[in-house]
Each structure stands twice: as C-alpha cells, then as structure tokens.
Amino acid sequence: MGLLILPLLMIALPGPEALGVLIPMYIVTDLMAVALYRHNINWKVVVELLPASLVGLLLGTWLLSGIDTRIFTPLLGGLILFILGLGLWLDHRPAELMRHPLATSLTGLAGGFISLIANAAGPLFSLYLLQQRLPKAAYISTRAWTFMLINAAKLPLVGSIGLITSDSLRLSLYGLPAMALGAAIGYWLLRRLQLAQFKWLIRFMAGIAAIKLFAFS
C-alpha cells in the first residue's frame, strides 16, 4: 500500500515535504512489525540487499535536494505508474529476472532510490524476496526487517536536506494513533485475506492516485 499512501498525503502536503511527515510514521510502524515478526529472519538476504539500497537512497537524496514541487509531483506519478507496470510484467516472469546474478544489486539500487523518492519500492522488494524461496514466516520477517533498516537510513538523509522539521514531526505524531490501528488491522488480515484480490484493488487505487498527481502538476 506504499504506492497509495504518499499520493494521498500529498493532497494535503504537495511536494517532497510529505516525505518528511511520512518517514517518521513509517519507522514507528516498522518497529511494530519487527516486534511482531522477530523470528525466522534470513539475515543473508537482508545483508546482501542493503549496500546497493544505501547507494539508491543517496541518489534519491541528491535528486530531492534540488527538486521543485512542480517537477516532483509528476515524477512521483510517473514512478508509481512505472512500478505498477513493472509489477504486471513481473507477475508473468519474475523468476527469470530475479534469478539473474545482478538481480540483488539492481533490486537494492532501484529499490533504495524508489523508496526514498516515492515510497513505492514494496512491490520490487517483495518480488525479489519471493524468488528467494523463503518460507512464509521467513519472508514476512525478512521483509519487515529490510524495510525497517531502509526507512531508518532515510531519516538522517531526508533530515539533512531540510524535509524533517518540528512542524513535520508534529504532523507525524498526529497520524500515529491511526497508524497503530492500521497496523493491528493489517496483522489480523494477513492470515485471512485473499492477497491476489487485495493486490488488484491497491493497483487500481494507486493508478488513480498517480493520474491525479499529474492533474496536480
């Protein structure tokens, strides 16, 4: 659902400033996730992804440091549409791509960059982790820890370019009660939901949100 959250937040906070509000909120929910899923972590997969992901985060920070809101908004919309298209394509051929020797580096680099710019790297990282043939418990735990570490690395980077301020942190605090409720609902749904149906619902809503971003620009 990371594809959907940032465009919705940008209705109230157009531009990169929305990231300064969202990232601290994500770190709190990441801590909830790793507390719930603290067993069966495949640390080898996490460690392999992190170096290239950090390079991607640095590239994203460099781009954001000088970007104008009028450019950021359509860029975000374009990235979300790209991720949606990539997800549709990889639905039919994920194994071939994700087993390539360069898959780890390219996934980490692209995922770090897209995660910082658009908070939309979930589908890419998820497809990579699925191809590692992890058991369900290990997949969930490894994914939770990967995102927690990447989001924690974002915090000083986004802060260094002035997107995290006292005002943005206050807005982040306002959202925490609802995020805690959402995390509880997500934990409950995980064992009951038909994921394929949910995936298509999110894709549709994210596509509408991305098109709306072009209208804002």
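Looking at an unreviewed UniProt entry, one finds the chain named Probable membrane transporter protein, with Marinobacterium zhoushanense as its source organism. Looking at the chain in UniProt, the text filed under Subcellular location (unreviewed entry) is "Cell membrane". Quoted verbatim from the Sequence similarities (unreviewed entry) field of the UniProt record, the comment on the chain reads "Belongs to the 4-toluene sulfonate uptake permease (TSUP) (TC 2.A.102) family."

Some words on the packing of helix H3 (residues 43-65) against helix H8 (residues 136-160)
At their nearest, the axes of H3 and H8 sit 10 Å apart, and the two run at 25° to each other. Accordingly, the angle class assigned to the pair H3 and H8 is roughly parallel. Considering how the two elements wind past one another, H3 and H8 form a crossing that is right-handed. Together, Trp43, Val45, Val46, Leu49, Leu50, Ser53, Leu54, Leu57, Leu58 and Thr61 of H3 and Thr142, Trp145, Thr146, Leu149, Ile150, Ala153, Lys154, Leu157 and Ser160 of H8 make up the contact between the two elements. Class assignment of the residues belonging to the contact of H3 with H8 gives a composition of 13 nonpolar, five polar and one charged.

Remarks on the pattern of salt bridges
A full pass over the atoms with the stated rule returns two salt bridges. The partner of Arg170 in a salt bridge is Asp167, with the nearest N and O atoms 2.9 Å apart. You can see Arg170 and its partner Asp167 sitting in helix H9 (residues 166-190), three residues apart, about one turn around the helix. Given a relative accessible area of 39%, Arg170 falls into the partly exposed group. Exposure remark for Asp167: the relative accessible area of 45% places this residue in the partly exposed category.

Procedures and definitions
- Residues numbered from 1 in each chain as written.
- Predicted model: local features only at pLDDT ≥ 70, side-chain atom pairs only at ≥ 80, totals over all residues.
- Heavy atoms only, no water.
- UniProt positions renumbered as here; feature names shortened; annotations may be inferred.
- Axes fitted to C-alpha atoms, helices over the stretch in contact; angles between N-to-C directions.
- Helix = DSSP H or I, 4+ residues; strand = E, 2+ residues; numbered from the N terminus.
- Parallel < 35°, antiparallel > 145°, perpendicular 65-115°, else oblique.
- Left-handed = near helix turned anticlockwise from the far one by under 90°.
- Contact = heavy atoms within 4.5 Å.
- Nonpolar A, V, L, I, M, F, W, Y, C, P; charged D, E, K, R; others polar.
- Salt bridge = Lys/Arg side-chain N within 4 Å of Asp/Glu carboxyl O.
- Buried < 20%, exposed > 50% of the residue type's maximum accessible area, 1.4 Å probe, protein only.

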